[in-house]
There are 2 protein chains.
Amino acid sequence: MNERAALSLVGGLVDHAGDDAAVVDGTVVTTDMLHDRTDFPAGTTRYTAGWRAVGASLSDVAATGAEATAAVAVYAAPEFTEPELRDFLRGATDVCELVGAEYVGGDLDTHQEFTVATTALGRTDDPVGRSGAEPGDRLCVTGTLGRSGAALRLFEAGETDRANELFRFEPRLAAGLALAEHATAMMDSSDGLARSCHQLAEASEAGLALDGDAVPVDGAVHEVAADEATVRELGWYFGEDFELVCTVPEHAVEDARADCPVRLSVVGEVTDGDDGGPAVSIDGEALPDRGFTHGE
Amino acid sequence: MNERAALSLVGGLVDHAGDDAAVVDGTVVTTDMLHDRTDFPAGTTRYTAGWRAVGASLSDVAATGAEATAAVAVYAAPEFTEPELRDFLRGATDVCELVGAEYVGGDLDTHQEFTVATTALGRTDDPVGRSGAEPGDRLCVTGTLGRSGAALRLFEAGETDRANELFRFEPRLAAGLALAEHATAMMDSSDGLARSCHQLAEASEAGLALDGDAVPVDGAVHEVAADEATVRELGWYFGEDFELVCTVPEHAVEDARADCPVRLSVVGEVTDGDDGGPAVSIDGEALPDRGFTHGE
């Protein structure tokens, strides 16, 4: 069973599982694990690792339209050195401060591979799910896509300073709070735009028609990509970017844009999904349901 | 730097770290990671693993005197099989149900070693810490000690059914809530009675004098231990038992006992710790500050 099939099994067995985060009595909770081999390319500093690991969980809180309150992490490594531990904690604390949450520690564990398990908490009385998209709604994306894909290329090229900088994203808590007022469905783009669109379409039992030219690909992608195919690969599929993907009724798009503290791009439209064409399309062609998934 | 030194560094750098759990605006949060090699002996079922991993975090919530509200887990394994995943989720859900909390899922991750990262949440307006023990208070322990040490011997002997049963402990949420009304300091015994006593004494800037005969060693320990030295090793030091260790003013001991839904043993007394003898003693001898610590 691959990770996706297994996740779907869990979704069927556990009431609150399946979305980016669970919400229990107004408290949002979400947890995640990142590993040296799969998530932290050679050259990733511990500061970036702390920032990014905690940021990934904060992003899941943002996807529900909640405010973030606190985060914890388990730092597991073969050995503990004071500079590494300090840097990690500084990164974890800084990303929390950036979004108004409190980093409240966690645990340490001796482990063969550097591994970080993070949990973030939030608070909302009215979480936005993935299932409310209605035909005619506009599909919107915050910020730009492809930063993490570009960072990976830069890590490979030894440009670690710039790569680390791109790897430290701002979790979209403020945007999520603002968009929660308008969005009919929302999630983050951690698995890539393409896969996020498929998940959102499936949960909402709708289709999505995207406009390729409207997808806000980050400038860094154009710096590292030699051709248009690579630009699309990193911008549309790679993921790990932690932007928000949401659907907003047409009449609310301008208000959503005005309220949202970061750039909000309209990249497509929700369709009824049963016109015989592909459920999720881009420029009229099927958008493949693939992205960055561990374990495949 | 070993795990203990590293934990102490984290305690100095992060405001809320150090105790069993952090408390932010009345929400208790605690996180932990368990591994195949160090925490799940050969023969541990996935049902037991789910129960125990989530139970360990619930125990940290209990140690603050809070009610448990929810738990999540990241299940990381080299591969996912439906029976294993189902069993794990059943164990995680059952232990949550036992203490009135909700298991709300989490995440899956492909990882070389079977690893579980758990987070439990709770709620309390008045958390009990480790630092309030006063000279004259009685040192109390819930339940019995040494079950996990005995279980490990049984796993080694191939008696896996009985070992799994002993490994599935009841997190002391109800006891923690009841004791919170009376206790001046509280923690769980996950690192063993001896180390817990040292941590509690240090945090409270006090001493502790224990009575060896009063320590409630579990019957299973006597079954597996060939001699008295082994009984002590498993009962006093081994840990991983997740009972509560607390201090209660002498006048409140009978009420605490009456309110506590499980056996509460008085095993010693808080001293002022500066009489020139060992800060933590048992039967008049120094109680070594050692136990079961990963990575030492």
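Residues numbered from 1 in each chain as written. Chains lettered and ligands numbered in written order. Predicted model: local features only at pLDDT ≥ 70, side-chain atom pairs only at ≥ 80, totals over all residues. Heavy atoms only, no water.

Q: Just to check I follow, could you spell out the relation of the copies chain A and chain B for this structure?
A: Mapping chain A onto chain B calls for a screw motion: a turn of 180° about the axis and a shift of 0.0 Å along it, with 0.0 Å RMSD after fitting. Both copies are brought into coincidence by an operation consistent with a two-fold rotation axis. Considering only C-alpha atoms, the part of chain A nearest the rotation axis is alanine 117 of chain A, at 3.2 Å. In this assembly, 100% of the residues forming the interface of chain A have copies in chain B that are likewise at the interface, indicating an isologous arrangement. (Least-squares fit on C-alpha atoms with pLDDT ≥ 70 in both. Contact = heavy atoms within 4.5 Å.)

Q: So what exactly am I meant to see when it comes to the environment of aspartate 191 of chain A here?
A: Tracing the backbone through its elements, the reader meets aspartate 191 of chain A in the loop between β7 (185–188) and α8 (193–204). Distance in space between the C-alpha atoms of aspartate 191 of chain A and phenylalanine 155 of chain A is 20 Å, their sequence separation being 36 residues. (Helix = DSSP H or I, 4+ residues; strand = E, 2+ residues; numbered from the N terminus.)

Q: Help me out: how do you make sense of the sheet that holds strand β11 (residues 280–282) of chain B in this one?
A: One key point about sheets: their strands pair by backbone hydrogen bonds, in either a parallel or an antiparallel sense. Residues and elements named next belong to chain B. Read from one edge to the other, the open sheet built from 7 strands follows the order β7-β9-β6-β10-β8-β11-β12, with strand pairing classed as mixed. The open sheet has two free edges, formed respectively by β7 (185–188) and β12 (285–286), since each of these has just one partner strand. Looking at chain direction, strand β6 (residues 138–142) and strand β9 (residues 244–248) are connected through 4 bridges and run antiparallel. Each residue of the ladder has a partner; that of leucine 139, found in β9, is threonine 247. Sitting on the sheet, helix α7 (residues 173–180) touches β6, β7, β9 and β10 (264–271), and the angle it makes with β9 is about 10°. (Pairing = 2+ DSSP bridges. Axes fitted to C-alpha atoms, helices over the stretch in contact; angles between N-to-C directions.)

Q: Where do I start with the interface of chain A and chain B in this structure?
A: Accessible area lost during the coming together of the parts is what is often quoted as the interface size. Of the residues lining the interface, 51 residues belong to chain A; the matching set on chain B comes to 51 residues. Carbon and sulfur atoms supply 68% of the area that chain A and chain B bury against each other, a total of about 4400 Å² over both sides. Applying the counting rule to chain A against chain B returns 0 salt bridges. At the surface where chain A touches chain B, the tally comes to 10 residue pairs in polar contact (both at pLDDT 80 or more). Secondary-structure elements contributing two or more residues to the side of chain A that touches chain B are α1 (3–13), β1 (22–24), β2 (27–35), β3 (67–77), α4 (82–98), β4 (102–110) and β5 (115–123) of chain A. Looking at the side of chain A that touches chain B residue by residue, the classes come out as 26 nonpolar, 15 polar and 10 charged. (Buried area = accessible area lost by both parts, 1.4 Å probe. Salt bridge = Lys/Arg side-chain N within 4 Å of Asp/Glu carboxyl O. Polar contact = N/O pair within 3.5 Å; in protein donor to acceptor, adjacent residues only side chain to side chain. Nonpolar A, V, L, I, M, F, W, Y, C, P; charged D, E, K, R; others polar.)

Q: I keep staring at a negative patch on the surface and nothing clicks. Help me out?
A: On the surface, Asp211, Asp213, Asp227, Glu228, Asp283 and Glu285 of chain A cluster together into a patch of negative charge. Along the polypeptide, aspartate 213 of chain A turns up in the loop between β8 (207–210) and α9 (219–224). (Patch = residues over 30% accessible without salt bridge, like charges linked within 9 Å, V, L, I, M, F, W, Y side chains within 5 Å. Areas by Shrake-Rupley, 256 points an atom, 1.4 Å probe, with all protein chains shown as cover. Lys, Arg positive; Asp, Glu negative; His and termini not counted. Charge placed at Lys NZ, Arg CZ, Asp CG, Glu CD.)

Q: I'm lost on the pattern of salt bridges in this one. Help?
A: If charged atoms from side chains of opposite charge come close, those side chains can pair. By the definition in use, this model includes 24 salt bridges over all chains. Across the pair arginine 290 of chain B and glutamate 233 of chain B runs a salt bridge, and its minimum N-O distance is 2.9 Å. Taken together, the residues span a long stretch of sequence, with arginine 290 of chain B in the segment after β12 and glutamate 233 of chain B in helix α10 (residues 228–238) at a distance of 57 residues. Residue class for arginine 290 of chain B comes out partly exposed when judged on its relative accessible area of 35%. A single network of salt bridges, built from pairs that share partners, joins Arg138, Glu250 and Glu269 of chain A. (Buried < 20%, exposed > 50% of the residue type's maximum accessible area, 1.4 Å probe, protein only.)

Q: Quick question: what am I supposed to make of the sheet that holds β2 of chain A here?
A: Residues and elements named next belong to chain A. The strand order across the open sheet formed by 5 strands is β1-β2-β5-β3-β4, and the pairing between neighbours is mixed. Each edge of the open sheet carries a strand with a single partner, namely β1 and β4. Across this sheet, the average inter-strand angle for adjacent strands is 20°, counted without regard to direction. Across 9 bridges, β2 lies against β5 in antiparallel orientation. Of the residues in β5, the one forming a bridge with threonine 27 is arginine 123. On the sheet, helix α3 (residues 46–62) packs against β2, β3, β4 and β5 and is oriented at approximately 40° with respect to β5.

Q: Can you help me understand the UniProt feature "binding site: Mg(2+) 4" (unreviewed entry) in chain A in this one?
A: All names here are of chain A. With numbering aligned to this structure, UniProt lists the feature "binding site: Mg(2+) 4" (unreviewed entry) at Asp20, Thr30 and Asp60. What stands out for the annotated residues spanning 41 residues is how close their C-alpha atoms remain, the widest pair being 7.0 Å apart. Here aspartate 20 shows up in the loop between α1 and β1. Classification of aspartate 20 by relative accessible area gives buried; the value is 13%. For aspartate 20, the residues in contact, after removing those within four places along its chain, are Thr30, Asp60, Ala63, Arg130, Met186, Met187 and Asp188. The residues contacting threonine 30, other than those within four sequence positions of it, are Asp20, Ala21, Ser57, Asp60, Val61, Thr118, Thr119 and Ala120. A distance of 3.2 Å separates a polar atom in the side chain of threonine 30 from a polar atom in the side chain of aspartate 60. (UniProt positions renumbered as here; feature names shortened; annotations may be inferred.)

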